[in-house]
Amino acid sequence: MEVKIEPGWKEKLRDEFNKQYFVNLSEFVRKEYQTTRIFPPGSLIFNAFNLCPFDSVKAVIIGQDPYHGPGQAHGLCFSVREGIDFPPSLLNIFREIESDLGYKTHPTGNLERWAAQGVLLLNATLTVRAHLAGSHQRKGWEEFTDAVIRILNRDKDHLVFFLWGAYAQKKGESIDRGRHLVLESVHPSPLSASRGFFGNKHFSRCNTWLSDHGIDPVDWR
């Protein structure tokens, strides 16, 4: 089936788009947008891919669900639109960046600036009903995003995968640790951040790995 997505990703994911689970998923999502309030806006479902072309990917941050409050989700995990208050997990991410790298982050929670540098901000589920966390889980998105991770693992070298929390760690358990750097810790949620997210130094470790392999590091500001 025809999906509007960045050409490099379209070529890599072509087989997935033609599988029955994705056809069923597309029909489900289409009906949901027609009958209820869904986030992100339909034009931004594949925003993470469009802002971070396949050939540019150097790091992957794996989230779970899009934000389900008005005006927040725009297709990038942990990111919010301009002018939206920082969600608690994003605040904790910024706190760790400041502690790790010694500089304050940008005054907006819009992480498009990271995507433009090759950071794929990938939620496991790409859509959600308003105010109903997890409402589009187990509809096919997880199978699709598992394929994304599998293809990156197979076709790229020296990537950095950020796996925060048990859900992301399970999703990334098949990643080749001999080929890619896998950074694991608890989730940045206020419920767990003090138990191992703060002080994990994932951002400096990522940049050291990239530099050691001749890849430009990420400016995490």
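It should be emphasised that the depicted structure is a prediction, and the values quoted were computed from it without experimental measurement.

Participant: I keep staring at helix H1 (residues 7-17) and nothing clicks. Help me out?
Facilitator: Because each turn of an α-helix spans 3.6 residues, side chains separated by three or four positions end up pointing in the same direction. Every buried residue of H1 is listed here: Trp9, Lys10, Leu13, Glu16 and Phe17. Seen along its axis, H1 keeps its buried residues to an arc of 100°; they face one direction. Exposed residues pointing more than 90 degrees away from the buried face of H1 are listed as Glu11 and Asp15. Those residues of H1 hidden inside the fold are in contact with helix H2 (20-35), helix H3 (47-51), strand S3 (119-123) and helix H6 (141-155).

Participant: Would you take a moment to explain the packing of H2 against H6 for this structure?
Facilitator: How two helices sit against one another is set out by the angle between their axes and by the gap between those axes. Direction vectors running N to C along H2 and H6 enclose 130°, while the axes themselves pass 9 Å from each other. Viewed along their axes, H2 and H6 adopt a mutual orientation that is oblique. Crossing geometry of H2 relative to H6 is assigned as left-handed. Counting all contacts with H2, which are made through Tyr21, Phe22, Leu25 and Val29, the residues of H6 involved are Trp141, Glu143 and Phe144. Residue composition of the contact of H2 with H6, grouped by class: six nonpolar, no polar and one charged.

Conventions we followed
Residues numbered from 1 in each chain as written. Predicted model: local features only at pLDDT ≥ 70, side-chain atom pairs only at ≥ 80, totals over all residues. Heavy atoms only, no water. Buried < 20%, exposed > 50% of the residue type's maximum accessible area, 1.4 Å probe, protein only. Helix = DSSP H or I, 4+ residues; strand = E, 2+ residues; numbered from the N terminus. Arc of directions from axis to C-beta. Contact = heavy atoms within 4.5 Å. Axes fitted to C-alpha atoms, helices over the stretch in contact; angles between N-to-C directions. Parallel < 35°, antiparallel > 145°, perpendicular 65-115°, else oblique. Left-handed = near helix turned anticlockwise from the far one by under 90°. Nonpolar A, V, L, I, M, F, W, Y, C, P; charged D, E, K, R; others polar.

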